[in-house]
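Okay, here's what each chain looks like letter by letter:
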Amino acid sequence: MYTPVTIHHMHDMERLIASCGFMPFFANAIPGFSIWENTPQELRFNDDVDGPWEWKGPVILNGAFAYGKLLRGKAMYVTLDWYKHLANWRRAHTQPSRQELKVLDTIRQHGSLLTTELRRLCGYSCPRQAREGNPLLRESQRLTQKLKRTPRIEGLETCLTRLQMGTYLVVADFEYKIDKTGRRYGWGVARYCRPEDFFGPETLQAGCSPAESRERIARHLVEMLPGIETQQVDAIIG
């Protein structure tokens, strides 16, 4: 059964995730069921002391949990024992689009990539010449593309969110800029990787049907969170 704890150290955060199997990062439809709600105010976005926001990357790198936008497009940790069942269920019901497959294949070729690298490699960044060129030329190019009725390309963030929700991608780390004193600053740029490459392909072998994986997850959530509603279970399982 889920018991809220107060997170003072990174190890508290890891123990909470391990004990629950599924742990959203931010507050959600289940009151009290998140890392953020179990964190004292003084450890939230405090420039003078590290907290869960700064521990996200180190917890990921320990290799025991999958992390990404797994809860209706919001961040959640899942232990590997449960992630294989989540992947077994979601991959049976989620097929990447053509654009998502392009993003996924680009990451596969490089092992892992930062968001900024993906923008360049997948053609999301506008060429410098187009940005700095003649404004009449840019308008002409825009109208030409409009007349061609070119299909709308999914934004990169949309692709990455859908691939994480489908369990085709995980966040492998967060990389920060470093100031002159050696301190990190900024929000951190996510590095993405396929779970097969990050954890090993064997970690995704559930050994049962997708339907059985779903039933196992649902049973675990109901046992851990007595009184949880059906739609809340569905939100976590996806």
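Structure: above.
Residues numbered from 1 in each chain as written. Predicted model: local features only at pLDDT ≥ 70, side-chain atom pairs only at ≥ 80, totals over all residues. Heavy atoms only, no water.

> How would you summarise a nonpolar patch on the surface if you had to cite specific residues and measurements?
Together, Phe26, Phe45 and Trp187 make up a nonpolar patch on the protein surface, roughly 350 Å² of accessible area in all. Turning to its location among the elements, tryptophan 187 is positioned in strand β6 (residues 184-193). (Patch = residues over 30% accessible without salt bridge, like charges linked within 9 Å, V, L, I, M, F, W, Y side chains within 5 Å. Areas by Shrake-Rupley, 256 points an atom, 1.4 Å probe, with all protein chains shown as cover. Salt bridge = Lys/Arg side-chain N within 4 Å of Asp/Glu carboxyl O. Helix = DSSP H or I, 4+ residues; strand = E, 2+ residues; numbered from the N terminus.)

> Now, about the sheet that holds strand β1 (residues 22-24): what can you tell me, with residues and values included?
Paired through backbone hydrogen bonds, the strands of a sheet run either parallel or antiparallel to each other. Spatially, three strands are ordered β1-β3-β2 in an open sheet, and the strand pairing comes out antiparallel. Two strands in the sheet have a free side with no partner beyond their single neighbour: β1 and β2 (65-71). Averaged over neighbouring strand pairs, the angle between their axes works out to 30° when direction is ignored. Lying over the sheet, helix α3 (residues 80-91) contacts β1, β2 and β3 (74-79), oriented at roughly 120° with respect to β3. (Pairing = 2+ DSSP bridges. Axes fitted to C-alpha atoms, helices over the stretch in contact; angles between N-to-C directions. Contact = heavy atoms within 4.5 Å.)

> Describe helix α4 (residues 98-110), with residues and values.
An ideal rise of 1.5 Å per residue puts 18 Å on 13 residues; α4 measures up with 19 Å between its terminal C-alpha atoms. All of the buried residues along α4 are Gln99, Glu100, Val103, Leu104, Thr106 and Ile107. Down the axis of α4, the buried set is contained in an arc of 155°. They therefore lie on one face. For α4, exposure combined with an orientation more than 90 degrees from the buried face picks out Arg98 and Gln109. On the buried face of α4, the contacting elements are β4 (112-114), α5 (115-121), α8 (156-165) and β6. Following α4 by one or two positions, glycine 111 has its phi on the positive side, about 90°. (Expected span 1.5 Å × (residues − 1). Buried < 20%, exposed > 50% of the residue type's maximum accessible area, 1.4 Å probe, protein only. Arc of directions from axis to C-beta.)

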